[in-house]
Amino acid sequence: MAEALLVVARRAAHGTRLEVLSHAKTGSVSRGVRTVLRLEGLAVFAVAVAAYAQFGAGWGLFAWLFLLPDLSCLAYLVGPRAGAAAYNAAHSYAGALGLLAAGVLGAMPLVLAVALVWCAHIGFDRALGHGLKYAAGFGETHLGRLGRADPW
């Protein structure tokens, strides 16, 4: 009851603030912040592709590896919780940057090339608005809901 009164009071006092609070509650970003995160993804994609081009590892390898992280979506066949965990593991910069560091420090060009493709994939997905997933379902991401808004 007290929470409902607080929402009504906030709505009256801060018209647009309620929308911001609702996004904070769902765990996704909106408006300018979402745009910045998507542009950041585009920048990561562009830099990773440019760096990959310098290694001469071949674009056939790039094409083959580029969609590999999306195989993690098969875990959604088990359920949304497993799907989100697998997707997030394959689409987090932590793993890609760890592999990138291993490739640089170990002087392993193939590992470095794989890491750059992985970074490019993540950046491309983020630029398209595909964020890290919540267990509520594939469409619920940290960058907002995928697809059209539910009309009901």
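This text goes with the structure placed above it.
Analysis parameters
- Residues numbered from 1 in each chain as written.
- Predicted model: local features only at pLDDT ≥ 70, side-chain atom pairs only at ≥ 80, totals over all residues.
- Heavy atoms only, no water.
- Helix = DSSP H or I, 4+ residues; strand = E, 2+ residues; numbered from the N terminus.
- Contact = heavy atoms within 4.5 Å.
- Areas by Shrake-Rupley, 256 points an atom, 1.4 Å probe, with all protein chains shown as cover.
- Buried < 20%, exposed > 50% of the residue type's maximum accessible area, 1.4 Å probe, protein only.
- Arc of directions from axis to C-beta.
- Axes fitted to C-alpha atoms, helices over the stretch in contact; angles between N-to-C directions.
- Parallel < 35°, antiparallel > 145°, perpendicular 65-115°, else oblique.
- Left-handed = near helix turned anticlockwise from the far one by under 90°.
- Nonpolar A, V, L, I, M, F, W, Y, C, P; charged D, E, K, R; others polar.
- Polar contact = N/O pair within 3.5 Å; in protein donor to acceptor, adjacent residues only side chain to side chain.

## Section: the overall build of the protein
Now for step 1: Within the protein, the regular secondary structure consists of seven helices and three strands.
Now for step 2: Secondary structure elements of the protein, listed N to C terminal, follow the sequence α-α-α-α-α-α-α-β-β-β.
Now for step 3: Contacts in the protein between residues far apart in sequence, at least 24 positions, make up 56% of those at least 6 positions apart.
Now for step 4: Carbon and sulfur atoms make up 70% of the accessible area of the protein, which totals about 9,300 Å².

## Details of helix α4 (residues 59-66)
Now for step 1: Three or more residues of α4 are buried, namely F62, L65 and F66. Within α4, the buried residues cover an arc of 100° as seen down the axis, which keeps them to one side. Summarising the geometry of α4, the exposed residues directed more than 90 degrees from the buried face are G60, A63 and W64.
Now for step 2: As for α4, its buried residues are in contact with α3 (31-55) and α7 (109-127).

## Comments concerning the packing of α4 against α7
Packed helix pairs are specified by the crossing angle of their axes together with the interaxial distance, meaning the distance between the axes.
Now for step 1: Close contact between α4 and α7 brings their axes to 9 Å; oriented N to C, the two are set at 50°. As the angle between them shows, α4 and α7 are arranged oblique. You can see that α4 and α7 cross each other, and the crossing is right-handed. Facing L61, F62, L65 and F66 of α4, the residues of α7 in contact are L110, V114, V117, A120, H121 and F124.
Now for step 2: Split into classes, the residues belonging to the contact of α4 with α7 amount to nine nonpolar, one polar and no charged.

## Some thoughts on unusual backbone geometry
A negative phi angle characterises most non-glycine residues, just as the trans form characterises most peptide bonds.
Now for step 1: Of note in the backbone geometry, A107 takes a positive phi value of approximately 50° without being a glycine.
Now for step 2: Position of A107 among the secondary structure elements: in the loop between α6 (93-105) and α7.

## What about the packing of α6 against α7?
Now for step 1: Packing of α6 against α7 leaves a shortest axis separation of 8 Å and a crossing angle of 155°. By the angle class used here, α6 and α7 are roughly antiparallel. Once α6 is placed against α7, the crossing between them reads as left-handed. Across the interface between the two elements, Y93, G95, A96, L97, L99, L100, G103 and V104 from α6 touch V111, L112, V114, A115, L116, W118, C119, I122, G123 and R126 from α7.
Now for step 2: For the contact of α6 with α7, the residue count by class is 14 nonpolar, three polar and one charged.

## So, the side chain of H91
Now for step 1: Here H91 shows up in the loop between α5 (80-90) and α6.
Now for step 2: Reaching out from H91, the side chain makes a polar contact with the side chain of H121 at a distance of 3.0 Å.
Now for step 3: Setting aside chain neighbours within four positions, we find H91 in contact with P69, D70, S72, H121, I122, D125, R126 and L132.

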